[in-house]
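What follows is each chain in one-letter form.
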Amino acid sequence: MHPAEIRSSFLKYFEQHGHRVVPSSPLLPGDDPTLLFTNAGMNQFKDVFLGREQRDYTRAASSQKCMRVSGKHNDLDNVGPSLRHHTFFEMLGNFSFGDYFKQDAIELAWHLLTKDWGIDPARLYVTVFKGEPGIPRDDEAYTRWLDFVPADRIGELGMADNFWAMGDTGPCGRCSEIYVDRGPGVSGTGRFVTDVESGSERFVEIWNNVFMEFARDDKGVLTPLPAPSIDTGMGLERISAVMQNTLSNYDTPLFMPLLDAIGKMSGHAYGRSMSASDVSMRVVADHARASTFLIADGVVPSNEWRGYVLRKIMRRAMRHGRKLGMHEPFLFSLVDVLVGEMGGAYPELKAGRDAVSQVIRSEEERFDAVLTGGLPRLEDVLERAARGSKVVGGDEAFKLYDTYGLPRDFIEDLASNQGLRFDAEGFDAAMEGQRVKARAGSSFEGKKGEDFSFASDAARESLRQVGDVFEGYTTTIAQGVPVLALFDDQKKAVDAIEDGSPGYVALAKTPFYLESGGQVSDQGWIDPASGDRSRVSGVARLGPGLPRAHRIENVHGRIALRDMVTVEVDAPLRDATRRNHTATHLLHAALRKVLGAHVKQAGSLVAPDRLRFDFVHFSAITPEEMLQIERLVNAAIQNNEAVNTAVRNTQDAIASGAMALFGEKYGDKVRVVAVGDGAFSTELCGGTHVRATGDIGAFLITEESGVAAGVRRIEAVTGMGAIDLARSAMAEMKEALAESGAKRGELRPWMRTQQQTLKAAQKEVQQLKTKLALGGSGGGGAADEDKVEIAGATLIARQVADVDKESLRALADTLKSRLTTGVIILAAEMPDGKVSLIASVTPDLLKKAPAGQLVKQLAPIVGGGGGGRPDFAEAGGKDPAKIQELLKEARQLVEKLLR
């Protein structure tokens, strides 16, 4: 069976058995700070399993896009040498949310494999949990499997293999894995459990059935769940290899089209072996899939978080491409192969084809620049190591990797080629140090409110029963609302917040919006029964499925549990935020109309005073495009179309054309925001919006910039903010016209003329300074104290005053032109207090005294560094007080080199 047939038949089989076929969620986990990327089919159902979310079905099936490149699920380094490890893969899964359990799950799996797919039952082996202290053997699963396989093909394994947990606490359970025997031709003893435990290739796991049956508390105590559930996972790549009767996942139609394309480009035919070229071809094929799917889902290469991982994957592919002899951009051309093979199952590949290709090509070009800039620094490190300890230090190597983007294996290869040892331990320590800092400085933890301490588990559960009741779509005030929970400034539960103290107040219902989707939280007031109203400065999340907490900086009076309070949103701030939020939707639509359908939101900020919109696009926006975008938005505002909202089924809304934002989590039902009839703009959005586009007033772009490779940013203002900014600009224009004497429409030509005049004057000044530095306007030579003869050559080592870098270069060229054979060393203090150093050498001395070597040895004296060509080199420094010391050392160094 072709992998596409396997995928479709899997979903059809479970649909026929009462399962809802659910589309793959994006690779960016929505609203889950514990995950870097989606790594399992159950991720999108996590809140359903935890009881935090209800859906209108109890059975589901999916083919889920997954990435495993971090934490315990990190397969990156195995990709290439291994025949069955991948960064990106598809996980087929069926799920039961309190519906069927072990009996049916085992039967469903067995019948699909043996009857629908025709796998020989004699090749199938299974495992069950063997039992460990505190957790009994899984007798139910064992007994059920006896209905299908003999006892000698049932293995029993422990916690490491046959017990699964969502985390240290929460749902968990025993599991049962299904294996295929690849036969005696594959290495192994032939004894099932022995081979599985030893990691032999003979028996390959194809399907894991997790029986979620317990809840584990923080003391490790397991309590049976009231509604046990099923979570299964089967890798499409691995089952495809089984169905194709091959030992390698790469020898299947999922990878062969890519490998064929790579072979044509590189001239290396894929040999299905462990040769260096075949390993590199597998790396490129796997990483091309991962890069394409990540970018199509809205990730772009950067030096932070998800973008950093993407960049690492892409550059590893580029590095292996170079090993195959491909030194020009090539990775981007594999996008078309993937679109052709997988675009039917994943429409986002077709929709984003152009943008994905452009982002990848841009990153390939950037990597060429990285190698160009980083190689000289690597050569310096290797040269020092060769002269000294013969070891490339881990700290230095990590700096090259982290700062200049040189891949680790690239550094290791060059070190090995020169007979140097690579300090892997030091590199790993530096890497871990960076990870610790990144974790400490990120918002990865606490985003979902786990940092609030509740009075008890029962108190938390009682709040969960109330839920998060938000009434802010229809009102900005709620009266007579009971106080459900209080927390002090340290987020610890308290019975009351006293006068003058800060804290958090959780209510039974609220009109206050909680920051989400880029829109900031509401501000406003809370009126306790006793005391004056207190300012609410923001809203925090207590936890999934719990009420939101209102942040109060300074309580006036006293607020206690079970008090009845009135809360009111600051309406002017809310209105300003609503204007900016609807404007972002109009901006998004205008961008797609002007720049193309590849434009996708990559981040946003919706605040009362401004909006910021990041989006995927591969080049700077031209002034003409900017004007067109701005006019489209303002035209939509002038049309004063109604902004309509409706709650719809998620799949139906997306199928009808509503824009879903990557990285956002959507439940079974979603709120759809449409402008007019939806033709101009329709998005899934939970934010607050104006009633009609005319309420926005006006829209003015203030800035456009790049924030990462393939990501642009637009900042804008609306309403009175736009009018105030326009008036300020007009005032500045009037002042400029008055000062210049120019008329309206003539200011730009006048400014160009002034700039040309200024540049000409500056050039004349620098020419005069250069003449003075040469020793006068008539071409007099260098002063005697600056000029010495060494071994028949002339050395001029001089400190120059009051020149810029361009003049210093011109002076060096002029002095060298007057020498038959010689070396020029010039140093000057720049206007910013730093040192500029130049070395220039005549052609006959390039081998004896190369300029690059001179500045490399001299620059550290003034606290700097640099390099360059043998005939000309530059360096910078921080300590001008040591220029004379540098020039003295220069004379000694040149004398040593020439004699």
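So, how was this worked out
Residues numbered from 1 in each chain as written. Predicted model: local features only at pLDDT ≥ 70, side-chain atom pairs only at ≥ 80, totals over all residues. Heavy atoms only, no water. Helix = DSSP H or I, 4+ residues; strand = E, 2+ residues; numbered from the N terminus. Buried < 20%, exposed > 50% of the residue type's maximum accessible area, 1.4 Å probe, protein only. Contact = heavy atoms within 4.5 Å. Areas by Shrake-Rupley, 256 points an atom, 1.4 Å probe, with all protein chains shown as cover. Pairing = 2+ DSSP bridges. pLDDT = per-residue confidence, 0-100. Core = buried A, V, L, I, M, F, W, Y, C linked by side-chain atoms within 4.5 Å. Salt bridge = Lys/Arg side-chain N within 4 Å of Asp/Glu carboxyl O. Polar contact = N/O pair within 3.5 Å; in protein donor to acceptor, adjacent residues only side chain to side chain. Expected span 1.5 Å × (residues − 1). Axes fitted to C-alpha atoms, helices over the stretch in contact; angles between N-to-C directions. Phe/Tyr/Trp six-rings, centres within 6.5 Å; stacked < 30°, edge-to-face > 60°.

Draft legend 1. Looking closely at the overall build of the protein chain. Regarding its fold elements, the protein chain presents 25 helices and 35 strands. Structurally, the protein chain occupies a C-alpha span of about 105 × 80 × 50 Å along its principal axes. Considering the protein chain as a whole, with its 899 residues, one finds that 50% of them fall into the buried category. Considering only intrachain contacts with a sequence separation of at least 6, the fraction spanning at least 24 residues in the protein chain is 69%. Put simply, the protein chain shows about 40,300 Å² of open surface, and 49% of that area lies on carbon and sulfur atoms.

Draft legend 2. The pairing of strand β10 (residues 203-216), seen in detail. Most of β10 is tucked away: 11 of the 14 residues are buried. Across 10 bridges, the pairing between strand β9 (residues 170-181) and β10 is antiparallel. Paired with C175 across the two strands is V210, which belongs to β10. When β10 meets strand β11 (residues 222-235), the two strands line up antiparallel, connected through eight bridges. Along β11, the bridge assignment pairs N208 with G233. A loop of five residues connects β10 with β11, the two strands running antiparallel in sequence, and G220 in this loop sits at a positive phi of about 85°.

Draft legend 3. Structural view of the confidence of the model for the protein chain. When the pLDDT values of the protein chain are averaged, the result is 89; 94% of them are 70 or greater. Under a pLDDT of 50 for its full length, residues 441-448 has, in the predicted model, 17 contacts with residues more than four places off or in other chains. In this model residues 776-782 is a low-confidence stretch, pLDDT under 50, and it forms 11 contacts with partners more than four residues away in sequence or in other chains.

Draft legend 4. Main features of the nonpolar core. Judged by nonpolar contacts, the single largest core of 113 residues is most densely connected at W145, I206, W207 and I239. Per element, the largest residue contribution to this core is 11 residues, and it comes from helix α13 (residues 353-387). Once residues lying within four places of it in the same chain are set aside, the contact partners of I239 are I6, L113, W117, I119, I206 and M234. Core analysis: the next-biggest nonpolar cluster, separate from the first, contains 29 residues, L795, A839, A849 and A890 among them.

Draft legend 5. Structural detail: unusual backbone geometry. Residue R272 is not a glycine yet carries a positive backbone phi of 55°. The residue R272 is located in the loop between α8 (256-266) and α9 (276-296) in this model. Judged by relative accessible area, which is 51%, R272 ranks as exposed. Even without a glycine there, the phi angle at K390 is positive, about 65°. Residue placement: K390 occurs in the loop between α13 and β12 (391-392).

Draft legend 6. Molecular detail of the pattern of salt bridges. In the structure shown here, the tally under the stated rule is 48 salt bridges. One salt bridge connects K856 with E383, and the closest N-O pair in it is separated by 4.0 Å. Linking K856 in helix α24 (residues 851-858) with E383 in helix α13, this pair joins segments that are 473 residues apart in sequence. Taking relative accessible area as the criterion, E383 reaches 39% and is therefore assigned partly exposed. Taking the shortest distance from any N to any O, the salt bridge between D614 and R713 comes out at 2.7 Å. With a gap of 99 residues between them, D614 in strand β24 (residues 611-616) and R713 in strand β29 (residues 711-718) connect regions that are remote in the sequence. Classification of D614 as buried rests on a relative accessible area of 10%.

Draft legend 7. Up close: the environment of G352. Relative to the elements of secondary structure, G352 occurs in the loop between α12 (347-351) and α13. Along the chain, G352 and K600 lie 248 residues apart, while their C-alpha atoms are 9.0 Å from each other.

Draft legend 8. Looking closely at the side chain of S200. Here S200 shows up in the loop between α6 (192-198) and β10. A distance of 3.1 Å separates a polar atom in the side chain of S200 from the backbone nitrogen of R202. With residues near it in sequence (within four places) discarded, S200 still touches S187, G188 and D195.

Draft legend 9. Main features of helix α10 (residues 305-323). For α10, with 19 residues, the first-to-last C-alpha span of 28 Å sits near the 27 Å given by 1.5 Å per residue. In terms of burial, α10 is largely enclosed, as 15 of its 19 residues are buried. Once α10 finishes, G325 follows within two positions and takes phi at roughly 95°, a positive value.

Draft legend 10. Looking closely at the pairing of strand β33 (residues 835-841). The element β33 is largely enclosed, with a buried count of seven among its seven residues. Of the two faces of β33, both are covered, the one formed by V835, L837, A839 and V841 as well as the one formed by S836, I838 and S840. Linking two consecutive strands that pair antiparallel, namely strand β32 (residues 822-829) and β33, is a turn of five residues; a positive phi of about 90° is found at G833 within it. Here β33 runs beside strand β35 (residues 872-877); their pairing, made up of six bridges, is antiparallel. Each bridged residue has a counterpart across the sheet, and for L837 the counterpart in β35 is A875.

Draft legend 11. Layout of the sheet that holds β35. Strand order in the open sheet made by the six strands is β30-β31-β32-β33-β35-β34, with mixed pairing throughout. Unpaired on one side and paired on the other, β30 (787-790) and β34 (865-868) mark the two borders of the sheet. Along the sheet, successive strands turn relative to each other by an average axial angle of 15°, direction set aside. Together, β32, β33, β34 and β35 form the strand contacts of α24, whose direction differs from that of β33 by roughly 150°.

Draft legend 12. Expanded view of the packing of aromatic side chains. Summed over the entire model, instances satisfying the criterion amount to 31 aromatic pairs. Note on Y308 and Y401: the rings are 6.5 Å apart at their centroids and 90° apart in plane angle, and the pair reads as edge-to-face. Pair noted here: Y308 is in helix α10 and Y401 is in helix α14 (residues 394-404), with a separation of 93 residues, a long-range link. Note on accessibility: Y308 and Y401 belong to one class, buried. Here the aromatic rings of F454 and F487 are separated by 5.5 Å at their centres, their planes lie at 85°, and the arrangement is edge-to-face. Here F487 lies in strand β14 (residues 477-487) and F454 lies in the loop between α16 (424-441) and α17 (457-466), a separation of 33 residues in the sequence. A single burial state applies to F454 and to F487, both of which are buried. By the ring-pair criterion, three or more aromatic residues cluster together here, those being F45, F49, Y57, F95 and F97.

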